[in-house]
Amino acid sequence: MENAQRPAECLVGLELEGGWHVDSIRHKHPKGTGGNFSVGYLVAHNDGRKAYLKALDFTIAFEQSDYTRALQDLTTAYNFERDLLEKCRKKRLKRIVIPLDSGTVEVPGVLGPLAKVSYIIFELATGDIRSELAEWQEFDVAWALRSLHHSTIGLQELHNAHIAHQDLKPSNVLIFPIFGSKLTDIGRASYMGTPSQNDAKLIAGDWGYAAPEQFYGLHLSNDFSSRFLVDNYHLGSLIFFFFLDCSATHIMRHKLSKKHMKNFTNTSFINDLPYIQQAFREALDELSASVFAKVKNKESSEEIVMIAQQLCEPAPKLRGDPHVLTEKHVPHYDLQPYISSFDKLARKAELNIL
Amino acid sequence: MSATFNNTTRQAIPRFLDYSTACALGLLRAATKHEIQSKPEFQISNVISKWQKNPNIYSAVELLAESLILKDFQSKDAIRAANYLLNQSETTNSIIKELARHFLEQPSINIALLLDISGPQSRYINIANLKKSVRFYHRNPIAWCDMAIHYATLGQMDKARTAIKVALNLAPNNRFILRSASTCFLHLGEPDRAVHLLSRSPLYHLDPWVTSAGIAIAESADLPTRSINKAKALVEDDNLTQFSRSELSVSIGTKEMKDGAEKRAKTYMRQGIVEPTENALAQAEWMSSQLGTDISGFSKLGKEVPASYEAIARHLFYKENFKDSLNAAKHWCTYQPLSSFPFIFSSYIASACLDDEVESVNILKDVLPLHRTDPDFMNNYICGLARTGDLEPAIKNFVNLDISNLTDQQRFTLTATQGLLCFRTDNAKKGRELYLEAIRGFELMNQHKSAAIAVYYWAFEEKRILSPYKDERIKDAKSRVARLHVVELTNSIKKL
């Protein structure tokens with residue numbers, strides 16, 4: 001099927017249920033969320049609210065040789081994401097981008113069941129972390145720390161709801177004018193107790209942001225907490241992104257590749273861990289240099305680097321706050337200490353005493 | 001007399017290398033031919049399309065990093081992304097530019113990296129940096145291991161032991177740590193501990209690098225070699241790279257040679273040099289000298305295999321090209337400062353083959369604190385000092401030598417050196433007695449070559465003092481050197 005004929009790309013001008021009107025196409029996202037083909041639109045409500053619409057195109061399934069299987073995969077993924085979002089909405093997770101509406105619209109001029117396009121409408125963000133950073137003339141420590149604070153709360157909310165995000169990266173932290181940062185795109189998530197297609201994937205999220213153990217399949221164990229620990233790594237990786245413009249994984253893989261003459265070979269996690277730890281140590285040196293240049297207060301700089309070190313620790317069993325790791329009655333992936341730390345640091349920065 | 005280097009035995013014991021050097025030499029690569037890694041094809045096309053639609057720093061970095069993970073260094077888009085990052089303004093983070101430069105560069109082994117010509121001062125600085133590093137991130141076993149190497153090279157063995165123990169506790173099942181720790185324990189005089197460490201590791205039956213280290217160290221210390229049949233199976237396993245099997249092949253070959261199975265030894269030796277490490281090549285070169293064969297295409301291998309200083313030094317020595325052999329041996333000394341053997345070998349060539357005692361002393365004096373307890377090393381140093389006229393330190397060092405635990409070979413060598421010292425202190429009579437005792441001892445041990453070398457040094461002393469016995473001794477020395485074909489002395493004997 002030619003791209004121009006895809007029903008999901010023909011929604012501009014349509015009136016949707018609930019008083020929404022599709023204004024303009026924003027982007028095509030081939031094989032985006034969970035492997036789905038999605039198209040983004042700007043929509044407006046009758047009451048003047050603007051929002052973002054994600055339209056799912058199931059016609060891509062018919063391009064596959066085993067189209068029944070592909071169709072099943074697409075619908076399962078879509079329903080899984082929609083159900084998760086509904087759970088988030090019911091639990092009133094404040095730092096997660098919650099759908100405002102969802103439904104199906106029939107595209108005129110297309111015959112048969114394919115004419116119906118499923119969509120989800122989200123709050124409209126001003127952009128993501130990357131677009132925000134791209135506009136900065138000068139590094140805004142307070143903003144970065146507040147965004148990290150919000151992201152940590154979002155992740156903690158998901159974990160408390162037994163959801164592992166698994167794809168936390170800068171483009172999945174959206175910025176809202178009043179509410180600050182919120183996490184989005186849970187199409188790669190796993191939900192404790194409910195099997196999904198993402199569970200069996202070696203790396204459910206983006207490879208460029210994957211935690212070290214994900215390259216070895218360690219997170220695929222029966223212990224669901226290993227997925228939460230992957231999220232914690234991604235959170236720590238955001239610190240690297242803010243201060244170095246690239247993820248912890250990017251730097252570590254670069255350091256490994258450089259040391260091993262462009263030929264670092266994966267063996268087993270236990271064997272490779274020391275090399276990864278060495279690369280991590282070098283990555284921390286880079287981070288320290290950048291943080292110390294941007295944050296003048298030595299104590300606060302050290303705290304930021306220490307948080308990154310604890311969250312991105314390559315050995316998953318040792319990842320996290322040392323006090324939490326030794327605590328019997330608190331899950332070792334608990335992020336509460338970091339919520340407090342980021343809040344404290346952000347406040348200091350906002351008061352210009354950082 | 002100058003101690004001969006012991007050419008009768010050699011094992012492919014792992015080198016005690018720092019992490020950077022081990023990485024550069026490829027010693028930490030996967031042993032299996034096919035790396036287990038699924039390629040997320042859909043995703044790489046995704047980052048390419050993101051980069052093509054919106055070329056900016058972030059999309060460029062994402063594309064580069066994913067190409068790096070997949071080792072797709074030929075990707076045109078990724079190359080464009082790397083150039084894009086390099087052409088960005090100064091404000092772009094240095095790490096990103098470093099990533100782009102690394103992506104575009106051709107990897108090449110930095111020879112200077114392999115030859116640690118830094119003095120003790122820089123080792124102290126390295127230790128200070130590593131200490132700082134582990135204070136900040138104490139879980140890094142590589143830093144502890146590198147620290148152990150620096151301590152050991154400075155002769156601070158207790159600190160080396162502590163550091164390597166920490167590294168082992170942090171990473172008990174890592175090839176690099178296991179091999180480094182076993183070599184460290186061997187240097188600390190605990191070969192049984194080294195063998196135990198290796199043989200109890202789950203990697204012992206899986207990773208040819210670990211198996212090879214276990215066999216080589218056990219053989220060198222006359223300890224029982226475990227699971228030799230499983231080791232042979234590993235050598236036959238074609239799922240493993242030839243490179244990873246090279247040291248194991250020559251280690252098994254050496255054992256076969258020791259057991260008298262020369263044909264099998266040759267087979268293993270040949271297999272070991274299909275794609276050898278420098279250590280395997282050196283071992284094969286030594287084996288070929290013992291087996292009376294030549295390694296075909298050695299010159300090519302010597303050039304291709306990085307850091308093959310020992311192999312080249314040995315090869316040139318066997319070919320009687322002593323000057324070039326000494327040059328290669330000096331590189332070997334800087335590459336392996338922790339081992340006394342390259343220094344003994346180099347000083348022997350300088351002294352016996354090239355008759356250059358000043359050079360011999362210079363080679364040894366810089367690393368004297370590290371090898372002060374090695375009798376062969378000290379013998380050559382004392383001999384060099386005495387022959388250059390520096391008698392006082394020579395006698396002082398000789399008196400301070402620990403002679404409680406010597407082999408017969410070492411005992412007779414030192415007896416001959418004592419004879420030399422007597423000659424130099426105008427006590428020719430005692431000197432003759434001692435030389436005679438040493439020569440008889442060597443003969444009783446069937447070490448006729450060593451006896452011939454002792455006779456040469458004795459004759460040299462008789463000639464120096466113009467004694468009435470000089471003609472008789474010179475005649476004897478010439479006769480022995482010719483009869484036993486002591487090639488090392490071919491040039492020196494002519495000057496007598």
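Just so you know, these numbers come straight off a predicted model, no measurement behind them.

A. Representation of the domain arrangement of chain B. Here the domain parsing of chain B yields domain 1 (27-106) and domain 2 (336-495). Each of domain 1 of chain B and domain 2 of chain B has a C-alpha centre, and the two are 60 Å apart.

B. A look at the pairing of strand β6 (residues 116-123) of chain A. All names here are of chain A. Along β6, seven of the eight residues are buried, which leaves the element largely enclosed by surrounding structure. Across six bridges, strand β4 (residues 50-57) lies against β6 in antiparallel orientation. Each bridged residue has a counterpart across the sheet, and for Lys54 the counterpart in β6 is Ile120. As defined by bridge partners, strand β5 (residues 99-106) adjoins β6 across seven bridges and the pair is classed as antiparallel.

C. Representation of the environment of B:Ile142 within the structure. As for its position among the elements, B:Ile142 is in helix α8 (residues 141-153). Sequence spacing of B:Ile142 and B:Tyr19 is 123 residues, and the spatial spacing of their C-alpha atoms is 6.8 Å. When near neighbours in sequence (up to four residues on either side) are disregarded, B:Ile142 contacts A:Pro274, A:Tyr275, A:Gln278, B:Tyr19, B:Phe176 and B:Ile177.

D. Spotlight on the interface of chain A and chain B. On the side of chain B, 52 residues touch chain A, which itself brings 53 residues to the contact. Taken over both partners, the interface formed by chain A and chain B buries close to 4900 Å², and the fraction arising from carbon and sulfur atoms is 56%. Interface area lost by chain A to chain B is led by A:Trp207, A:Met261 and A:Lys262, which between them contribute 16%. Our count for the contact surface shared by chain A and chain B stands at four salt bridges. In this structure, A:Lys255 engages B:Glu98 in a salt bridge whose closest nitrogen and oxygen atoms are separated by 3.3 Å.

E. The packing of α8(B) against helix α10 (residues 175-187) of chain B, seen in detail. Residue and element names in this part refer to chain B. One can describe the packing of α8 onto α10 by two numbers: an axis separation of 11 Å at closest approach and a directional angle of 20°. Compared by their axis directions, α8 and α10 come out roughly parallel. Once α8 is placed against α10, the crossing between them reads as left-handed. Within the contact between the two elements, α8 uses Pro141, Ile142, Cys145 and Asp146 and α10 uses Phe176, Ile177 and Ser180.

F. Broad picture of the sheet that holds strand β10 (residues 180-183) of chain A. All names here are of chain A. Read across the open sheet, the three strands follow the order β7-β9-β10; overall the sheet is antiparallel. One side of each edge strand has no neighbouring strand; the edge strands of this open sheet are β7 (127-128) and β10. Where strand β9 (residues 173-176) and β10 come together, four bridges link them in antiparallel fashion. Bridging across to β10, Leu174 finds its partner in Lys182. Against the sheet, helix α3 (residues 141-160) engages β9 and β10, with an angle of about 35° to β10.

G. Main features of the packing of helix α21 (residues 357-365) of chain B against helix α23 (residues 375-387) of chain B. Residues and elements named next belong to chain B. Packing of α21 against α23 leaves a shortest axis separation of 9 Å and a crossing angle of 140°. By the criterion of interaxial angle, the relationship of α21 to α23 is oblique. Crossing handedness for the pair α21 and α23: left-handed. On α23, the residues that touch Glu357, Ser360, Val361, Leu364 and Lys365 of α21 are Phe377, Asn380, Tyr381, Gly384, Leu385 and Arg387. The residue inventory of the contact of α21 with α23, partitioned by class, reads five nonpolar, three polar and three charged.

H. How the structure looks around the nonpolar core. Counting residues in each nonpolar core, the largest one holds 161 residues, and the members touching the most others are A:Leu145, A:Ile239, A:Phe240, A:Leu287, B:Leu64 and B:Phe176. Apart from residues lying up to four places away in sequence, A:Phe240 is in contact with A:Asp245, A:Cys246, A:Ser247, A:Ala248, A:Ile251, A:Phe280, A:Ala283, A:Leu284, A:Leu287, A:Ala308 and A:Cys312. Ranked by size, the runner-up nonpolar core spans 70 residues in total, among them B:Met378, B:Phe398, B:Leu406 and B:Val487.

I. Layout of helix α19 (residues 322-335) of chain B. Residue and element names in this part refer to chain B. Between its first and last C-alpha atoms α19 spans 19 Å; for 14 residues at 1.5 Å apiece the expected length is 20 Å, and the two agree. For α19, the full list of buried residues reads Phe322, Ser325, Leu326, Ala328, Ala329, Trp332, Cys333 and Tyr335. Take α19 and look down its axis: the buried residues cluster within an arc of 170°, on one side only.

J. Layout of a positive patch on the surface. All names here are of chain B. A cluster of basic side chains, namely Lys131, Lys132, Arg135 and Lys159, defines a positive patch on the protein surface. Per-element accounting of the positive patch gives the leading share, three residues, to helix α7 (residues 120-136). Among the secondary structure elements, Lys132 is positioned in helix α7. Relative accessible area serves as the criterion here: at 57%, Lys132 is assigned to the exposed category.

Conventions used here
- Residues numbered from 1 in each chain as written.
- Chains lettered and ligands numbered in written order.
- Predicted model: local features only at pLDDT ≥ 70, side-chain atom pairs only at ≥ 80, totals over all residues.
- Heavy atoms only, no water.
- Domains from an automatic or database assignment.
- Buried < 20%, exposed > 50% of the residue type's maximum accessible area, 1.4 Å probe, protein only.
- Helix = DSSP H or I, 4+ residues; strand = E, 2+ residues; numbered from the N terminus.
- Pairing = 2+ DSSP bridges.
- Contact = heavy atoms within 4.5 Å.
- Buried area = accessible area lost by both parts, 1.4 Å probe.
- Salt bridge = Lys/Arg side-chain N within 4 Å of Asp/Glu carboxyl O.
- Axes fitted to C-alpha atoms, helices over the stretch in contact; angles between N-to-C directions.
- Parallel < 35°, antiparallel > 145°, perpendicular 65-115°, else oblique.
- Left-handed = near helix turned anticlockwise from the far one by under 90°.
- Nonpolar A, V, L, I, M, F, W, Y, C, P; charged D, E, K, R; others polar.
- Core = buried A, V, L, I, M, F, W, Y, C linked by side-chain atoms within 4.5 Å.
- Expected span 1.5 Å × (residues − 1).
- Arc of directions from axis to C-beta.
- Patch = residues over 30% accessible without salt bridge, like charges linked within 9 Å, V, L, I, M, F, W, Y side chains within 5 Å.
- Areas by Shrake-Rupley, 256 points an atom, 1.4 Å probe, with all protein chains shown as cover.
- Lys, Arg positive; Asp, Glu negative; His and termini not counted.
- Charge placed at Lys NZ, Arg CZ, Asp CG, Glu CD.

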